[in-house]
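Structure assessment
Each chain is listed here by its residues.
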Amino acid sequence: MTAASYLPQTLRTRSLDSECGIKGAPSSLIGVIEQRRDNDLLYRSLEGRNDKIQVTAHFHVAVFSNSTADTASNETIKKQFQILKDTYARYGISLNLGSISREINDTIAVLSVWNQNEAEDEIIGSSAETEDYWKRTRTGSYEALHIYYYENIVGTAAFCNFAKPNRAKSEYFLDACHLRINVLPGGSAPYRFYGTSAVHEVGHWFGLFHTFEGGCEGEGDYIDDTPAQTVTSANGTCPIGTKDTCPDLPGTDMVNNYMDYTADPCRDTFTPGQYSRMHNVFWAVRAGK
Ligand SMILES: [Zn+2]
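Just so it is clear, the structure is predicted and the values come from calculations on it, not from any experiment.

What follows concerns the overall build of the protein. Helices and strands together make up the secondary structure of the protein, namely six helices and eleven strands. Taking all 289 residues of the protein together, 52% fall into the buried category. Long-range contacts, defined here as pairs at least 24 residues apart, represent 74% of the contacts in the protein between residues at least 6 apart. When the accessible surface of the protein is split by element, carbon and sulfur atoms take 50% of a total near 12,000 Å².

Below, the structure is given as structure tokens:
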């Protein structure tokens, strides 16, 4: 199959290595995944059943005081929501649009320093002001999805913290996805203006790892039907069936998987194993909390 290309040659050399700054999954989440791995087959056989996941998605936009009214406008946020809704509906997940908040604050609009909580390998607030912002706005239960947009996140385009089993209510403010405004639909990020970065990040929120997790070694992403691969960007192309970074292992790189780093228009698929993982993690970790 010929590799499709979506961008001018001049844009194909940009590195995507900093696309997603998510840290390692908490060992407690991996424990849940290992315990329930047999359920993966169960869920695959039950696609289309009635107990679909229902999640309300809330959006929060932090902009500079001199930003124009159309910076991450509500209309753009609604376009992004529709992409998420249409995508996840194909995997038994029904998203509803909750609130959209807007913060005009030059400090909060740049997530300039973010730190890893070493004990749990997750990202915590970089300043008291940022943490206060999250605490004010990340409302609702552990089933509520909160997506934050900033003018800039220094060092990465986006990240989430993973679903963490038994997370204390006092830490719910850490449970969210954070993205740069320029990866919204129509944004300025090369390869990234189709709204697919949010699909990728919400995949993490539902418990998915990168398809290149662990490279060619070990358990990888703990999913059987995503072939092992290493991280590479494919530089704006979509080499389905021809890119193979772990040639000694079965399968070619699943470059069209949402949890890879390929260009937005290339990524259009979650596998049955990923479908099962999202449902398993939701019911085990988030439901009723
Ligand atoms: Zn990621």
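Right, let's talk about the pairing of strand S7 (residues 145–150) for a bit. With six of its six residues buried, S7 lies for the most part within the structure. Sheet analysis places strand S2 (residues 53–63) next to S7, joined by six bridges and oriented parallel. In the strand pairing of S7, His 58 is matched with His 146. Across four bridges, the pairing between S7 and strand S10 (residues 177–180) is parallel. Each residue of the ladder has a partner; that of Tyr 148, found in S10, is His 178.

Calculation notes
- Residues numbered from 1 in each chain as written.
- Predicted model: local features only at pLDDT ≥ 70, side-chain atom pairs only at ≥ 80, totals over all residues.
- Heavy atoms only, no water.
- Helix = DSSP H or I, 4+ residues; strand = E, 2+ residues; numbered from the N terminus.
- Buried < 20%, exposed > 50% of the residue type's maximum accessible area, 1.4 Å probe, protein only.
- Contact = heavy atoms within 4.5 Å.
- Areas by Shrake-Rupley, 256 points an atom, 1.4 Å probe, with all protein chains shown as cover.
- Pairing = 2+ DSSP bridges.

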